[in-house]
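Working through the structure, step by step
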Amino acid sequence: MRTIARAKAGFYPTPEPVTHAIAKLIHNPAHHPGRLCDPCCGVGQPARTLAQSLGLLSFGIELDKERFQASKLILNHTLR
């Protein structure tokens, strides 16, 4: 891994416009209850956006302590 990637702990967040574009493509027309899990959730914003647009519970897993703390505030359930 390159030095800059190591400094960021390999963190490359999904840009917000990409998250919104994905949310427009995925639908839950019958509003089935369910869960969305992001195994590398970072600060949790993309998982939260998608889960809210689909009416799902949001789950995330994040190894970095600071990003875990941030994701814990906005996702329904987060593991470290």
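Scroll up for the structure.
Described in the following lines is the structure provided in the data block. (Residues numbered from 1 in each chain as written. Predicted model: local features only at pLDDT ≥ 70, side-chain atom pairs only at ≥ 80, totals over all residues. Heavy atoms only, no water.)

**Looking at the environment of histidine 32**
Note on placement: histidine 32 falls in the loop between α2 (16–25) and β1 (35–38). By relative accessible area, which is 53% here, histidine 32 ends up exposed. Distance from histidine 32 to leucine 54, taken between C-alpha atoms, is 8.8 Å for residues 22 residues apart in sequence. (Helix = DSSP H or I, 4+ residues; strand = E, 2+ residues; numbered from the N terminus. Buried < 20%, exposed > 50% of the residue type's maximum accessible area, 1.4 Å probe, protein only.)

**A few points about the sheet that holds strand β3 (residues 77–79)**
Spatial strand order, β1-β2-β3: 3 strands in an open sheet with parallel pairing. The sheet is open, and its two edges are formed by β1 and β3, each paired on a single side. Across this sheet, the average inter-strand angle for adjacent strands is 15°, counted without regard to direction. Sheet topology note: the strand β2 (residues 57–61)/β3 ladder contains 3 bridges and is parallel. Within the sheet, the bridge partner assigned to isoleucine 61 lies in β3 and is leucine 79. Sheet contacts for helix α3 (residues 45–54): β1 and β2; angle to β1, the most-contacted strand, approximately 165°. (Pairing = 2+ DSSP bridges. Axes fitted to C-alpha atoms, helices over the stretch in contact; angles between N-to-C directions. Contact = heavy atoms within 4.5 Å.)

**Notes on a nonpolar patch on the surface**
A cluster of nonpolar side chains, namely Val18, Ile22, Leu25 and Ile26, defines an oily patch on the protein surface of about 350 Å² accessible area. Along the chain, valine 18 falls in helix α2. Given a relative accessible area of 37%, valine 18 falls into the partly exposed group. (Patch = residues over 30% accessible without salt bridge, like charges linked within 9 Å, V, L, I, M, F, W, Y side chains within 5 Å. Areas by Shrake-Rupley, 256 points an atom, 1.4 Å probe, with all protein chains shown as cover. Salt bridge = Lys/Arg side-chain N within 4 Å of Asp/Glu carboxyl O.)

**Considering the nonpolar core**
Counting 7 residues, the largest nonpolar core is built from Ala23, Leu36, Cys41, Ala47, Leu50, Ala51 and Leu75. Looking at this core, the element that brings in the most residues is α3, giving 3 residues. In this structure, cysteine 41 is in contact with Gly60, Ile61, Glu62, Ser71, Leu75 and Thr78, ignoring residues within four places of it in sequence. (Core = buried A, V, L, I, M, F, W, Y, C linked by side-chain atoms within 4.5 Å.)

**Topic: helix α4 (residues 65–74)**
For α4, the set of buried residues is Arg67, Phe68 and Ser71. All buried residues of α4 project into a common sector of 100° when viewed along the axis, lining one side. Exposed and oriented more than 90 degrees from the buried face of α4 are Lys65, Glu66 and Leu73. The inward-facing, buried residues of α4 abut β3. Near the N-terminus of α4, the side chain that reaches the backbone nitrogen of glutamate 66, with its oxygen 3.2 Å away, is that of aspartate 64. (Arc of directions from axis to C-beta. Polar contact = N/O pair within 3.5 Å; in protein donor to acceptor, adjacent residues only side chain to side chain.)

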